[in-house]
Structures are given as structure tokens and as C-alpha cells.
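Close look at the chain arrangement
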Amino acid sequence: MKTRKKSIIGLVILTAVLFFSSCENEPPTDLTLTPFIPLPVSIEATGGEFEITVKTVVYATEGLEVTAQILASQIAEKTGIMPEVEISATAPRKGIYISGSGENGEGYELKIGKKLVTITGSPAGCFFGVQTLLQAINTEDEEGEKDFEIATGIIKDKPYYEYRGAMLDVARHFFNVEEVKQFIDFLAMYKMNVLHLHLSDDQGWRIEIKSWPNLTTYGGSLEVGGGPGGFYTQEQFKELVQYAADRQITIIPEIDMPGHTNAALASYAELNCNGKATELYTGTRVGFSTLCTDKDVTYQFIDDVVREISVLIPGKYFHMGGDESHSTPLEDYIPFVEKVQKIIKSHGKEVIGWDEIANSAIVEGTVVQFWADEANTTMGIAKGAKVIMSPAKKAYLDMKYNADTELGLRWAGLIEVDTGYDWDPETLSDSISRENILGIEAALWSETVTNIDEVEYMVFPRLPGYAEIGWTAPDKRNWDEYKTRLATYGKVFEAMGIDYYKSPLVPWEE
Ligand code: ACM
């Protein structure tokens, strides 16, 4: 497995990355040529350059220290120069200044002058502006001279959708805290703002619930293939929530129910209708398990789980799963979903569920996550739900790229890099339009994905494309242009030690 250290060393020795070959060994004086992903709303070039040197200081207004520290350490990863960080209520004459505007929203303005770079916005906007600035640093090493220029200009930017997420299935295979942090770093690079963690399934329960301890000590002990599983203690989960929040990412926990529950059913006999615990399961079938929907203890269990997890998360959403409950009769499924929505609401959270939940009454604020069934999703919209777009045929990161891809599945089709990028959530279905859509989420299920190297291979280079669908307006997105920007990132991925799929559709720069 790769270590973070490797990526730091890789980046420090990285030469030549983000600029078109015509610019080789020349200062990057035209900001509009920088291949940003996601593409910003507007870029105006002013023809000069700002240089990062050993004297560069990162200043920030109060409250933005963490963002400033992250910028400083990312600059160090890219250049080997670690800027100092200082708090300043007023703009300095030179350096980099992260200036909280006191506004809400996720937009920002990035002004790159010859002496002073200023990023202005809300805390979220400033963090996203930092990501844009990082992509603008030319790490070209001219004959051993370590000078790191940024073309001057002004970028004004804001996201198209408010919800820009990715899901990681930590239930089929377990990913430890460091691996999840690495995944969070990938999302942060592209201004994504949601990490949906699929925390329970037939093969494993991955978060400590103090009132039901067997869930993790027994139900979390294995994973697909029979290897040792694992789980997050509540302290570790809080650490992940904070790590994500520092990067403007909200963690949405998913406890999948009433199906996909074998790990719980194996841990507690009373959750089964026949009162007998099931065996632990390490295969990859779906649809065979169900909580007993007419027992009171089931709802006590759900209430305890939702209560214990809800206090760990500042975010407003709790995901109740609800997919592929093939062993739950519809007449039991419908009232179950209604009851669970009320339980989640009673703990101060809004509900997200996979599109099947639209078969039930929809409580105000509930969001339907479209993955497979347009009719379900349309029904959810008619009942007042907003939609997260995760169409499996386009946005499932566990689908193979092509017929030869070793990892992954293909039940929803092959998803080459162009297929993953070249679609529009607003026009995919006649019955789902802009006003219904909260945003987009790409999902990485882990039946075949066992470690972070394999995660990297399935995620890169598709993830930046999903981030751009979430951030950049559809009329500014175009595969033929996008692929030339993406092509410049192969060297970035290599320098970071990221295993990626070198798609033949992308003209990778050598
Ligand atoms: C799903 O892919 N079962 C939501």
C-alpha cells in the first residue's frame, strides 16, 4: 500500500505538470491556459506572474487558520517550500491572503497579482479557492532552479450544484481511517463536498454502536472473501468527520435497511423474525436479508443506532439505504420506510434513501437517490422529494472501464472515462429536471475493490469528471475540450503515486 510520504516525495521531485508543452521552460503568463478541473466560471488573465519563494507567507483572517495550514502544506508537497502561516485581519502588501468575506455560499474570488494573491469568500469558498490556486502553481523545475510561478489574473467561481459527492462502500471491504482520509483528500482536490460512507451491509457492520456492541465485535469481524473486516470506533469516526469538515466535506453515514442487513442479523438473534441469528456472510449476493419489520425491537434498534450516530455528525443528512430489499414484502417495506424516516427526523436529521424508498410516503425534506429506477425517482419527485443523481450506468465507480478491466463489475455497463463525463443530470431523464436535482454523487461499491491502490485505479481518472459535472455549468462542459485538460493530470497522478487507468481516449501528456 502506498504511503502519504511517497506522494510527498513524488510531488517534490515532480517536474513539469500543468502547462501545455508550448509553455515548457517559460513562465506561465496566461492564466486562461491553466487546465483547471473543475472549470471555473470565469478566468481573466493579466499577463504577469506571481512567484512562490522561501519568503512567501500565507496570511489568513481569523477562523481560516486550518485552510491556511492546508494550503501551506500542499504548497510544500508541490514545491518543497513550506510557507509560514500568520493570522491577519488586514491585507498584507505581498504573499498569499485568505480573506473570509463573512458570506455564506461556496463561491470565491481568486485574485493573483504579481506580489499578492487574495482568495475571498466564505470558509467553504476560500477552501475551494485554495484548490484552484494549487492547480495554478507551475511546478516546472527549470534546470534545477526551484522557482514556482503562477500566472496572474482573476478567477470568479461558484458551483452549479450544492451537492457534489462520492460514496465509499466500507462494508463489503473495510477501509481504515488512513485510507478514508486519503479518499477525502481526493474529493477535496476537486471541490467535492460530500463523502457518503456506506457503513453497513450483509458482509459487515463498520461503526461502533455502544448500545449494541456485537454489531462491530462480531458483525464487523469479516469482509467479502472472508478476510478480517474492521470498524471505526466512535472516536475514530469523529476524527474522520473533523478531517472531512476541515476540507469542507460533510460525511453522510448510511445504515442500509431493511435489506442488506445480514451483519446485524448475525449479531443479534432478536432482529430476525424467527429469533435465530444468521451466519456471517462473505459472498457478494444481494437481496436475501431483511430486518423483521413487525417487531418492536427492530425500531428500538434503529432508534439507538440513529441516535448514537447522529450526535457524531454535524451534517443534516442520515442515509437509510432502502435498496434491493427483495426479501421484504412491499406491504411491509412501505410502512417500515415511513417509520424509519420519522425516527431519523426525531434525531434532528433529514433522510436520504435509494430510489426504492419513493414507494413509501415521503416525509418533508427526504431526498431520493436515483441509482436505477426512473419510475421510483419520478414518484419521489411527485411526492416532493429532491433527487441526488447517481445513475449506475454513468456514475458507478465500481463499473469496469472496458471488458479487460480486472477489477470491478459490469452489471450496469462499462464506464469508460468519456461515458462517465459526457452526460448531463438535467437531461438524462425527461422526468428529472434542474429544479428537482440537489446534485450528483459517484458511488464506489467495494465487492471487488480491496485496498486503496485498487480504489485509486477505479476512481482515477473518472472522479475529476464527476466533480466537474457537479461544479461546472453544463453549457461549459465538453468532452473534447475536457479530455485535453485531463490529459495534463497523468503526470500529477504519477507524481502523487496514484494508480490510475490510462484510458486510450485521453491524449495523456508525456
Ligand atoms: C445500489 O446500488 N444497490 C444502490
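Scroll up a little and you will see the structure.
Keep in mind the model is a prediction, meaning the values are calculated, not measured. (Residues numbered from 1 in each chain as written. Predicted model: local features only at pLDDT ≥ 70, side-chain atom pairs only at ≥ 80, totals over all residues. Heavy atoms only, no water.)

Below, the discussion takes up the overall build of the protein chain. Across its full length, the protein chain carries 16 helices and 17 strands. Relative to the compact-globule value of 24 Å for 510 residues, the protein chain shows a C-alpha radius of gyration of 23 Å, a close match. Summarising its shape, the C-alpha atoms of the protein chain cover approximately 75 × 50 × 45 Å along the three principal directions. Per-residue burial over the protein chain gives 60% buried out of 510 residues. Excluding contacts between residues fewer than 6 apart, the proportion of contacts in the protein chain whose partners are at least 24 apart in sequence is 70%. For the protein chain, the computed accessible surface area is about 18900 Å², with 51% contributed by carbon and sulfur atoms. (Helix = DSSP H or I, 4+ residues; strand = E, 2+ residues; numbered from the N terminus. Rg over C-alpha atoms; globule rule 2.2 N^0.38 Å. Buried < 20%, exposed > 50% of the residue type's maximum accessible area, 1.4 Å probe, protein only. Contact = heavy atoms within 4.5 Å. Areas by Shrake-Rupley, 256 points an atom, 1.4 Å probe, with all protein chains shown as cover.)

Right, let's get into the environment of W371. Following the sequence through the fold, W371 ends up in the loop between strand 15 (367–370) and helix 10 (374–382). The buried category is assigned to W371, whose relative accessible area is 11%. Counting along the chain gives 17 residues from W371 to W354, while the straight-line C-alpha distance between them is 6.9 Å. Setting aside its immediate chain neighbours within four residues, W371 contacts D323, E324, W354, D355, E356, S390, P391, A392, Y396 and W411.

This paragraph deals with helix 9 (residues 330–346). Its 17 residues place the ends of helix 9 24 Å apart at the C-alpha level, agreeing with the 24 Å of an ideal helix rising 1.5 Å per residue. If you check which residues of helix 9 are buried, you get Y333, F336, V337, V340, Q341, I343 and I344. Considered in projection along helix 9, the buried side chains sweep an arc of 160° and stay on one side of the axis. Exposed and oriented more than 90 degrees from the buried face of helix 9 are E331, K342 and S346. Buried-residue contacts for helix 9 involve helix 8 (296–310), strand 13 (317–319) and strand 14 (350–354). Once helix 9 ends, the next one or two residues include G348, with phi positive near 80°. (Expected span 1.5 Å × (residues − 1). Arc of directions from axis to C-beta.)

A surface patch of like charges, here positive, comprises K55, R93, K94, K114 and K115. Summarising the element assignment, K94 is placed in the loop between strand 3 (84–87) and strand 4 (95–100). (Patch = residues over 30% accessible without salt bridge, like charges linked within 9 Å, V, L, I, M, F, W, Y side chains within 5 Å. Salt bridge = Lys/Arg side-chain N within 4 Å of Asp/Glu carboxyl O. Lys, Arg positive; Asp, Glu negative; His and termini not counted. Charge placed at Lys NZ, Arg CZ, Asp CG, Glu CD.)

Bringing the sheet that holds strand 4 into the picture now. Pairing is mixed in the open sheet, where seven strands are placed in the order 1-7-5-6-4-2-3. The outermost strands of the open sheet, each flanked by one partner alone, are strand 1 (42–52) and strand 3. The average angle at which neighbouring strand axes cross in this sheet is 20°, direction not considered. Here four bridges tie strand 2 (residues 57–60) to strand 3, and the two strands are oriented parallel to one another. Bridged to V58 within strand 3 is V85. Packed onto the sheet, helix 2 (residues 65–79) meets strand 1, strand 2, strand 3, strand 4 and strand 7 (148–157) and runs at close to 150° relative to strand 4. (Pairing = 2+ DSSP bridges. Axes fitted to C-alpha atoms, helices over the stretch in contact; angles between N-to-C directions.)

Two residues of an α-helix separated by three or four positions point the same way, owing to the 3.6 residues in each turn. The first and last C-alpha atoms of helix 6 (residues 234–246) sit 18 Å apart over 13 residues, in line with the 18 Å expected at 1.5 Å per residue. By the burial criterion, the buried members of helix 6 are Q234, F237, L240, V241, Y243 and A244. Q248 sits one or two residues past helix 6 and shows a positive phi near 60°.

A word on the layout of surface pockets. Of the pockets and cavities examined, the second largest pocket occupies roughly 390 Å³. As for the second largest pocket, its lining consists of 19 residues, and the residues nearest its centre are E162, N193, V194, T250 and Y317. Only helix 6 and strand 12 (250–254) provide two or more residues apiece to the lining of the second largest pocket. A breakdown of the residues in the lining of the second largest pocket according to their chemical character gives 12 nonpolar, four polar and three charged. (1 Å grid on protein atoms, 1.4 Å probe; cavity = no way out; pocket = protein on both sides within 12 Å on 5 of 7 lines; lining within 4 Å. Points joined across faces, edges and corners; volume = space filled by probe spheres on them. Nonpolar A, V, L, I, M, F, W, Y, C, P; charged D, E, K, R; others polar.)

The subject of this paragraph is the packing of aromatic side chains. Remark: the centre distance and the inter-plane angle together describe each pair of aromatic rings, the angle taken between the planes. With the rule as written, the count across this model stands at 26 aromatic pairs. Ring plane angle 85° and centroid distance 5.8 Å describe the contact between Y401 and Y457, whose orientation is recorded as edge-to-face. Taken together, the positions of Y401 in the loop between helix 11 (392–395) and helix 12 (417–421) and Y457 in helix 13 (residues 452–459) put the pair 56 residues apart, joining distant regions of the chain. Y457 gets classed as partly exposed once you look at its relative accessible area, which sits at 25%. Ring centres of Y500 and W508 lie 5.1 Å apart, and the angle between their planes is 65°; this geometry places the pair in the edge-to-face category. Residue Y500 shares its accessibility class with W508, and that shared class is buried. Ring pairing ties together the aromatic residues F186, Y190, F460, Y489, F493, Y500 and W508, which thus form one cluster. Over the face of the ring belonging to F128 we find R164, whose NZ or CZ atom lies 5.3 Å from the ring centre. In this structure, R247 packs its charged tip against the face of Y243, placed 3.6 Å from the ring centre. (Phe/Tyr/Trp six-rings, centres within 6.5 Å; stacked < 30°, edge-to-face > 60°. Lys NZ or Arg CZ within 6 Å of the ring centre and 35° of its normal.)

This part takes up the state of the cysteines. Applying the stated rule across the entire model yields one disulfide. Each disulfide pairs two cysteine sulfurs, and for C273 the partner residue is C292, the sulfurs being separated by 2.1 Å. An S-S torsion of about 100° defines the bridge between C273 and C292 as right-handed. Taken together, the residues span a long stretch of sequence, with C273 in the loop between helix 7 (262–267) and helix 8 and C292 in the loop between helix 7 and helix 8 at a distance of 19 residues. (Disulfide = S-S within 2.5 Å.)

Looking now at unusual backbone geometry. Cis rather than trans, the peptide bond between I37 and P38 has omega equal to -5°. Structurally, the position occupied by P38 is in the loop between helix 1 (4–12) and strand 1. Here the residue pair F460 and P461 is connected by a cis peptide bond, since its omega of 10° sits within 30 degrees of zero. Mapped onto the elements, P461 comes out in the loop between helix 13 and helix 14 (462–471). Phi at H260 is positive, roughly 55°, even though this residue is not glycine. Along the polypeptide, H260 turns up in the loop between strand 12 and helix 7.

Right, let's get into the packing of helix 4 (residues 177–189) against helix 13. Relative placement of two packed helices is described by the angle separating their axes and the distance separating the axes. Contact pair helix 4 / helix 13: the axes reach a minimum separation of 10 Å and the direction vectors enclose 20°. Between helix 4 and helix 13, the angle is such that the two are roughly parallel. Crossing handedness for the pair helix 4 and helix 13: right-handed. For the pair formed by helix 4 and helix 13, the contact residues are E179, Q182, F183 and F186 on the first element and I452, V455, E456 and V459 on the second. (Parallel < 35°, antiparallel > 145°, perpendicular 65-115°, else oblique. Left-handed = near helix turned anticlockwise from the far one by under 90°.)

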